[in-house]
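Geometric and topological summary
Spelled out from the first residue to the last, the chains are:
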Amino acid sequence: MSQVPVIDAENLQKVYGAGGTPVVALDHVTLQVHQGEFVAVVGASGSGKSTFMNLIGLLDRPTGGALRLDGVDVAKLTPNQRAAVRNRKVGFVFQGFNLLRRTSALENVELPLLYAGVSAHERAEAAKRALTQVGLGERMGHMPNELSGGQQQRVAIARALVNQPALLLADEPTGNLDSTTTREILKLFVDLNVNHGITVVIVTHENDVAAVSRRVVQFKDGRVVMDGPPPAEWTPAVPAPWHAASTTPASEVA
Amino acid sequence: MNLFTLLRLALRVISRNKARAMLTVLGIVIGVAAVIAMVALGAGAQQNIAKQIASLGSNLIIIIPGTTNIAGVRGGGGSSTTVDVDDIDALRREVKSITHLAPANRQQVQIVAGDANWGTTVQGTTPAFYVVRDWRTDVGTEHSELDEAAHNKVCVLGKTVAAQLFGTDDPIDQWVRIKKVPFRVIGVLSSKGQSPMGQDQDDTVVIPFSVFRQRLAGTQRDQIQVAYAAALDADSSQAAVDEMTAVLRQRHHLRESADDDFSIRNLADMAAASREVADSMTLLLGSIAGVSLLVGGIGIMNTMLVSVTERTREIGIRLAVGAKSRDILVQFLVEAVVLSAFGGAIGVFVGWLVARLLNDATGWVTIFDPSVAALAFLVSGAVGVFFGFWPARRAAQLDPIDALRYE
């Protein structure tokens, strides 16, 4: 782990409400995530975990501290460069899927390529590949409202993957899904991490989801209060290769 | 994103809410249609005026005795006595910037041919008349200087008179009687249609000036009711008016301070005046149309603002997957332009239709000008850019996280 970290947050700070009483959402968070890690960010609602994700996804701007993605200080980026990072380096998956309504699955997945300036033909090819990868090869022409929640989330994951980003950020990706679908989505994340080398950071408040990861970062009141392997008493929702290597495999505890 | 993708996206979004799109562009439709119809109407009126003025003869100058009142002269008959045949001879001699000069005296007469008769105006004039008025014969010949010199009793009929007296028969070499004097018909004039004052110019009979003086003028044989002159060309017509004015003033011994006792009208000026009236009407109607385009533009701005608000989440999603703010700006701008250009296209069609219907229903001449239609269409597109810019900029300036959180 001597390379440049994918995510390098240093004293990252986010304070809301410049006018009245300021609310500190993120309080001097220092955290590094390296290439190929599978990290779960946990914490109660309001702990700052989503704020942290929005900052590293460049959807929001910090009010203090420094953030480097692949060694690049994002504070120095122009708005267009920030858009390019969102487009190419980071794939974001939301709890509410955030698909465009009345737009087919294929076109939703094509969207990042559209802004990357890829030709129509290549867009369609890449989007089909991504949809096939998430197991939705058969339903490309469907509109989001014709798909189940799990299928919609797969479309969203395909969209996040289509530009082949190094980093996949997922903010409560299984929050709206039942347990069966949750397991399918998590298997997909594990596969992307293990077989495609994509760094995965996933926000969740469910222990069994967090337990799938290799590393759990717990937020409380805007600070990191714990950073390490998942506690042994948490049961992973799906198995991952690293569970077997662990001294106390989660499956044995269950 | 290329233009094709943008247009496809805009069309899809617009077609999702057709009723709203139609209502939004209604203002533009009305504005553009009004512009097209008004300009078509204005162009038609102008063409009418130009045609009527051209029917009087090119580079025509009219000399009328008496004061400046044209109507008074026309009705007066013998009341105006200030220009006589010697004046005409002097003008012919001394004014170099005219090519022809034709005195024309007229009288209301009853003309008889066999058992048909017709009340009309007989004009006694010289052969120069045909040139100056640019009014030639369709059938037969004009009367000549020989006819003038020999006092030949020949006449040239206007189209209306020929039709009234002879119907479809050939009137050439037939005899007609004017004030009991027999005249041989030697020609029929081509049709001139209505004068700018709305009279039927074809309801007339032309006889030699010398014969008119001898047989019809009575005691007023030296007086001139009206004279027509042709300037060398359009540019010299004002010079001709000035020269003729100078000659006549000198001959009439008018003092420096005295008003002219005659009036000389330059047709080019009359044409310019009429054109000015038509132009200012077009301008007035055009500005009303412009106001409705403005109102239409505000309608588009309003709809686009609503659309941006409604689609805040969509904007957030687009920003989150890597759209630059310029991409969002262009997307909404293209949408506004497509909307307004769509309205413009419908407006062009409606305007064309209104112009045609007006033509059919009222007989007003309307001229549909494709270049005006193209201009109106382009302006409607420009209205889209202008009024779409602010909503598009609002969309483009949204923060990704705020837009995503928008409920």
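Residues numbered from 1 in each chain as written. Chains lettered and ligands numbered in written order. Predicted model: local features only at pLDDT ≥ 70, side-chain atom pairs only at ≥ 80, totals over all residues. Heavy atoms only, no water.

When you go through chain A residue by residue, the secondary structure sums to 9 helices and 10 strands. Taking the principal axes of its C-alpha atoms as reference, chain A extends roughly 50 × 45 × 40 Å. Among the 254 residues that make up chain A, the fraction classed as buried is 54%. Of the contacts made within chain A by residues no fewer than 6 positions apart, 71% connect residues no fewer than 24 positions apart. As displayed, chain A has an accessible area near 11000 Å², and 50% of this comes from carbon and sulfur atoms. In chain A, 23 positive and 24 negative side-chain charges are present, and the distance between their average locations comes to 6 Å. (Helix = DSSP H or I, 4+ residues; strand = E, 2+ residues; numbered from the N terminus. Buried < 20%, exposed > 50% of the residue type's maximum accessible area, 1.4 Å probe, protein only. Contact = heavy atoms within 4.5 Å. Areas by Shrake-Rupley, 256 points an atom, 1.4 Å probe, with all protein chains shown as cover. Lys, Arg positive; Asp, Glu negative; His and termini not counted. Charge placed at Lys NZ, Arg CZ, Asp CG, Glu CD.)

Another point: the overall build of chain B. From N to C terminus, chain B includes 14 helices and 10 strands. Since a compact globule built from 407 residues should have a radius of gyration of about 22 Å, the 33 Å found for chain B marks it as more spread out than a globular shape. C-alpha extents for chain B along the principal axes are approximately 105 × 55 × 30 Å. Every one of the 407 residues in chain B was classed for burial, and the buried ones make up 47%. Contacts in chain B between residues far apart in sequence, at least 24 positions, make up 78% of those at least 6 positions apart. Element-wise, carbon and sulfur atoms account for 58% of the exposed surface of chain B, whose accessible area totals about 19400 Å². Seen as two clouds, the 37 positive and the 39 negative side-chain charges of chain B have centres 9 Å apart. (Rg over C-alpha atoms; globule rule 2.2 N^0.38 Å.)

Residue and element names in this part refer to chain B. Structurally, glutamine 107 is set in strand S2 (residues 98–113). For glutamine 107, the side chain forms a polar contact with the side chain of lysine 179, separated by 2.7 Å. A polar contact of 3.0 Å, which involves the side chain of glutamine 107, links it to the backbone oxygen of leucine 216. Leaving out residues up to four positions away in the same chain, glutamine 107 has contacts with Thr120, Thr121, Val122, Lys179, Phe212 and Leu216. (Polar contact = N/O pair within 3.5 Å; in protein donor to acceptor, adjacent residues only side chain to side chain.)

Take helix H11 (residues 312–320) of chain B next. Counting buried residues along H11 of chain B, 8 of its 9 residues qualify, which places the element largely inside the surrounding structure. Taken from the residues just after H11 of chain B, glycine 322 of chain B is the one with a positive phi, measuring 115°.

This next bit is on the packing of helix H3 (residues 105–116) of chain A against helix H4 (residues 120–133) of chain A. When two helices pack together, you describe them by how their axes are tilted relative to each other and by the distance separating the axes. Residues and elements named next belong to chain A. Where H3 meets H4, the closest approach of the two axes is 9 Å, and the angle between their N-to-C directions is 120°. The orientation of H3 with respect to H4, classified from their angle, is oblique. For the crossing formed where H3 meets H4, the hand is right-handed. Taking contact as the criterion, the partners of Ala105, Leu106, Val109, Glu110, Leu113 and Leu114 in H3 are, on H4, Arg123, Ala124, Ala126, Ala127, Lys128, Ala130 and Leu131. (Axes fitted to C-alpha atoms, helices over the stretch in contact; angles between N-to-C directions. Parallel < 35°, antiparallel > 145°, perpendicular 65-115°, else oblique. Left-handed = near helix turned anticlockwise from the far one by under 90°.)

In this complex, chain B contributes 22 residues to the contact, which on the side of chain A involves 22 residues. Summed over both partners, the interface of chain B with chain A comes to about 2100 Å²; 53% of that surface belongs to carbon and sulfur atoms. Looking only at chain B, the three residues that lose the most surface to chain A are Arg16, Ile317 and Val321 of chain B, adding up to 27% of its buried area. Arginine 12 of chain B is the partner of glutamate 107 of chain A in a salt bridge, and the nearest nitrogen-oxygen pair spans 2.4 Å. Taken together, chain B and chain A are joined by 7 residue pairs in polar contact (both at pLDDT 80 or more). (Buried area = accessible area lost by both parts, 1.4 Å probe. Salt bridge = Lys/Arg side-chain N within 4 Å of Asp/Glu carboxyl O.)

Residues and elements named next belong to chain A. Read from one edge to the other, the open sheet built from 4 strands follows the order S2-S1-S4-S5, with strand pairing classed as antiparallel. Bordering the open sheet on either side are strand S2 (23–33) and strand S5 (72–73), each of which pairs with just one other strand. When strand S4 (residues 64–69) meets S5, the two strands line up antiparallel, connected through 2 bridges. Bridging from a neighbouring strand, leucine 69 pairs with valine 72 of S5. Seen against the sheet, helix H1 (residues 49–56) touches strand S1 (7–16), S2 and S4 and runs at an angle of roughly 120° to S1. (Pairing = 2+ DSSP bridges.)

A word on the nonpolar core. The biggest cluster of nonpolar side chains holds 72 residues, and the ones touching the most others in it are Ile7, Phe52, Leu67 and Val201 of chain A. At 9 residues, helix H12 (residues 325–362) of chain B tops the list of elements feeding residues into this core. If near-sequence neighbours (up to four positions away) are discounted, leucine 67 of chain A is found in contact with Ile7, Asp8, Ala9, Leu12, Leu55, Ile56, Leu58, Val72, Asp73 and Val74 of chain A. Counting 46 residues, the second largest nonpolar core, distinct from the first, contains Phe97, Leu131, Leu177 and Ile202 of chain A. (Core = buried A, V, L, I, M, F, W, Y, C linked by side-chain atoms within 4.5 Å.)

What follows deals with the packing of aromatic side chains. Residue and element names in this part refer to chain B. In total, this model carries 8 aromatic pairs over all chains according to the counting rule given. Taken together, Phe129, Tyr130, Trp135 and Tyr228 form an aromatic cluster joined through their ring pairs. Sitting over the face of the ring of tyrosine 228, arginine 133 holds its NZ or CZ atom 5.3 Å from the ring centroid. Sitting above the plane of the tryptophan 390 ring, arginine 394 keeps its charged end 5.6 Å from the centroid. (Phe/Tyr/Trp six-rings, centres within 6.5 Å; stacked < 30°, edge-to-face > 60°. Lys NZ or Arg CZ within 6 Å of the ring centre and 35° of its normal.)

A word on the sheet that holds strand S6 (residues 90–93) of chain A. Residue and element names in this part refer to chain A. What the 6 strands build is an open sheet, ordered S6-S7-S8-S3-S9-S10; its pairing is mixed. Each of the sheet's edge strands pairs with one partner strand only, and the pair in question is S6 and strand S10 (223–228). If you compare each strand with its neighbour and ignore which way they point, the axes differ by 15° on average. Of the strand pairs in this sheet, strand S7 (residues 167–171) and strand S8 (residues 199–203) are connected by 5 bridges, and their pairing is parallel. Within S8, the residue paired with leucine 168 across the bridge is valine 200. The sheet strands contacting helix H5 (residues 149–161) are S6 and S7, and the helix crosses S6 at an angle near 170°. Strands in contact with helix H6 (residues 179–196) are strand S3 (38–42), S7 and S8; relative to S8, the strand with the most contacts, it is inclined by about 150°.

Averaged over all residues, the pLDDT of chain A is 91; the fraction at 70 or higher stands at 95%. Scored below 50 in pLDDT, residues 247–254 of chain A shows 7 contacts in the model against residues more than four places distant or in partner chains. (pLDDT = per-residue confidence, 0-100.)

Bringing the side chain of threonine 174 of chain A into the picture now. All names here are of chain A. Mapped onto the elements, threonine 174 comes out in the loop between S7 and H6. Residue classification places threonine 174 among the buried residues on the basis of a relative accessible area of 2%. In this view, threonine 174 contacts Thr182, Ile185, Leu186, Glu206 and Val209; residues no more than four positions away in its chain are not counted.

With that settled, consider empty space enclosed by the protein. This structure, assessed with the given rule, holds 3 cavities of 30 Å³ or more. Here the largest cavity defines a volume of roughly 120 Å³. Arg86, Val90, Gly91 and Phe92 of chain A together with Val321 of chain B are, among the 14 residues lining the largest cavity, the residues nearest its centre. Those elements that place two or more of their residues in the lining of the largest cavity are helix H2 (79–88), S6 and H5 of chain A. The leading source of residues in the lining of the largest cavity is S6 of chain A, at 3 residues. Considered class by class, the residues forming the lining of the largest cavity number 8 nonpolar, 4 polar and 2 charged. The space that makes up the second largest cavity amounts to roughly 40 Å³. (1 Å grid on protein atoms, 1.4 Å probe; cavity = no way out; pocket = protein on both sides within 12 Å on 5 of 7 lines; lining within 4 Å. Points joined across faces, edges and corners; volume = space filled by probe spheres on them. Nonpolar A, V, L, I, M, F, W, Y, C, P; charged D, E, K, R; others polar.)

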